[in-house]
Amino acid sequence: RHRRRLRFALVALAAAALASALALSTRFSAEAQVQAASEWDGANCDVRIPGSWASNSLLPDPFTRIDGTRVTSRDQWECRRSEIKELAEHTVYGDKPRPDSVSGTVTSSRITVNVSDNGRSTSFSASVRLPSGTGPFPAVIVYGGFGADTSTILSSGAAVIDFDPGAVGAEGTGRNDKQGAFYTLYGAGSSTGVLMAQAWGVSRIIDVIEQSGGSILNDSTGVTGCSRYGKGAFVAGAFDQRIELTMPIESGSGGVGAMRSIAQESGAQPLSSAYGEQPWLGDAFGAYTGNPAALPVDTHELVGMIAPRGLFIMDNPHVEWLGARSGAVAALGGAEVYKALGAGANVSYHSNVADGTHCAVRSDWRTPLQQSINAFLKGSGNPPGVITMHPSKSANLSQWRTWTTPTLGTGDPGGTTPPETTSPPTETTSPPP
Ligand code: MCU
């Protein structure tokens, strides 16, 4: 990562010199890459989860700490973000442990991962597809085999890492018989849900890429997936700050959709169903499926955990089960954290698509996908910076909050490189194409 920082500093210096020479300062300010130094920078924050908290039928204030005081600076946000992380693990997803050791290899066709913790070990692997041209390349970890536009990812110059999430956190099991590499280490009765287990697998792949010396893949990494794999990609991006670009597609209930909103959105997959269909969410979430107002967090705060890193949320408004309005609620609520950090353009939301086919590869998303890869994984050009809701599934944040948005100052809390995009996302509800 030092290498990476050095490279960034040199590139930034050269670009700054060029910019002032040619008076191109606005174009230089398009640099949007943001990357933290470690999986979780706020690990030293002293977070104490209280025994109880107030119920709230609206989205909880991301900026009010557990002790009731409000965050007023960028530095304070780092530990507030850790509070959100701990509360979300505790009530929604289950814990994400840090293993004792990780090793593995990266070749041009495969990544192998070996992990040991608590005296147990396990391994899994993922396949790699490289784009044309000369590496090292950034990479997008693609969950599952459908929905993500892998040909656009490759043609944008990023490698595709085809990740079988079931190898790390399997579907189709009971809660007391969870299977996959994660549960080999932490036990079939672990209370951590499958989405977090899979996210842990993504973090271990990134550990191996970091250790690999960067001759094939560099350490710019994104993650994406559709539907159940969109749920997974969202959780992976929220709980690993090394992921520079998170792109959940049609993730629905248990994914991006704000839980309080899902409970009220007609036709959306009920929380009890998202909890019961697969052990996606942690066992603790069982206490909240009928009463999301009792949750101390909601998914807009997971969006906020990703800030100011790149985030492009894609939703399908034509299938009610997918709860696109609740996705928009979470995006709008979480975008307030991006704005507070002066990185409003680093989050995009798009549901204004014509084709209702679930997990279709859509031309509507090709350009913003390319822009996101360029801006966040390759450090060039502007991210899309748009919030475009389908008129049939638009959301209004003022119905969901009473809190206001502070100005916390720019920069990656606990990270190394400041975001330099300052414009807020353009919010539009345009007619269907
Ligand atoms: C949106 O993701 C899920 C949904 O939560 C499930 O209820 C349904 O069975 O499958 C969707 C999916 O993953 O489709 C590919």
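Residues numbered from 1 in each chain as written. Predicted model: local features only at pLDDT ≥ 70, side-chain atom pairs only at ≥ 80, totals over all residues. Heavy atoms only, no water.

## Side note on the packing of helix α3 (residues 74-93) against helix α10 (residues 299-306)
Reasoning step 1: Interaxial distance between α3 and α10 falls to 10 Å at its minimum, and their mutual angle equals 135 degrees. Judged by the angle between their axes, α3 and α10 are oblique. For the pair α3 and α10, the crossing hand works out as left-handed. Contacts from Trp77, Arg80, Arg81, Ile84, Lys85, Ala88 and Tyr93 in α3 reach Thr299, Glu301, Leu302, Gly304 and Met305 in α10.
Reasoning step 2: Partitioned by chemical class, the residues of the contact of α3 with α10 number six nonpolar, two polar and four charged. (Axes fitted to C-alpha atoms, helices over the stretch in contact; angles between N-to-C directions. Helix = DSSP H or I, 4+ residues; strand = E, 2+ residues; numbered from the N terminus. Parallel < 35°, antiparallel > 145°, perpendicular 65-115°, else oblique. Left-handed = near helix turned anticlockwise from the far one by under 90°. Contact = heavy atoms within 4.5 Å. Nonpolar A, V, L, I, M, F, W, Y, C, P; charged D, E, K, R; others polar.)

## Describing the packing of helix α7 (residues 228-238) against α10
Reasoning step 1: Two numbers describe how α7 lies on α10: the axes approach to 8 Å, and their chain directions differ by 50 degrees. Here α7 is positioned oblique relative to α10, judged by the angle of their axes. Every residue of α10 that contacts α7 at Phe234, Gly237 and Ala238 is listed here: Thr299, Leu302, Val303, Met305 and Ile306.
Reasoning step 2: Here the contact of α7 with α10 is composed, by residue class, of six nonpolar, two polar and no charged.

## Section: the state of the cysteines
Reasoning step 1: Following the criterion strictly, the structure yields two disulfides and no others.
Reasoning step 2: Paired by a disulfide, Cys45 and Cys79 hold their sulfur atoms 2.0 Å apart. One quick way to see it: the torsion about the S-S bond of Cys45 and Cys79 is about -80 degrees, and its sign makes the bridge left-handed. With Cys45 in the loop between α2 (25-28) and α3 and Cys79 in helix α3, the pair connects residues that are 34 residues apart, well separated along the chain.
Reasoning step 3: Residue Cys45 is classed as buried on the basis of its relative accessible area, which comes to 14%.
Reasoning step 4: Judged by its relative accessible area of 34%, Cys79 falls in the partly exposed class.
Reasoning step 5: Cys226 shares a disulfide with Cys359; S-S distance 2.1 Å. Here Cys226 and Cys359 share a disulfide; its torsion about the S-S bond, -95 degrees, makes the bridge left-handed. (Disulfide = S-S within 2.5 Å. Buried < 20%, exposed > 50% of the residue type's maximum accessible area, 1.4 Å probe, protein only.)

## Some thoughts on α3
Reasoning step 1: Of all 20 residues in α3, 14 are buried, a share of seventy percent or more.
Reasoning step 2: At the exit of α3 stands Gly94, carrying a positive phi of roughly 90 degrees.

## Focus on the packing of aromatic side chains
Reasoning step 1: Evaluation of the coordinates by the stated rule reveals 12 aromatic pairs.
Reasoning step 2: Geometrically, the ring pair formed by Tyr93 and Phe239 is edge-to-face, given 5.8 Å between the ring centres and 70 degrees between the ring planes. Separated by 146 residues along the polypeptide, Tyr93 in helix α3 and Phe239 in the loop between α7 and β7 (243-249) bring together distant segments of the chain.
Reasoning step 3: With centroids separated by 5.2 Å and ring planes inclined at 85 degrees, the aromatic side chains of Tyr143 and Phe163 adopt a geometry described as edge-to-face. One end of the pair, Tyr143, is in strand β4 (residues 137-143); the other, Phe163, is in strand β5 (residues 159-163), and 20 residues separate them in sequence.
Reasoning step 4: For Tyr143, a relative accessible area of 0% gives the class buried.
Reasoning step 5: Assessed through its relative accessible area of 2%, Phe163 is described here as buried. (Phe/Tyr/Trp six-rings, centres within 6.5 Å; stacked < 30°, edge-to-face > 60°.)

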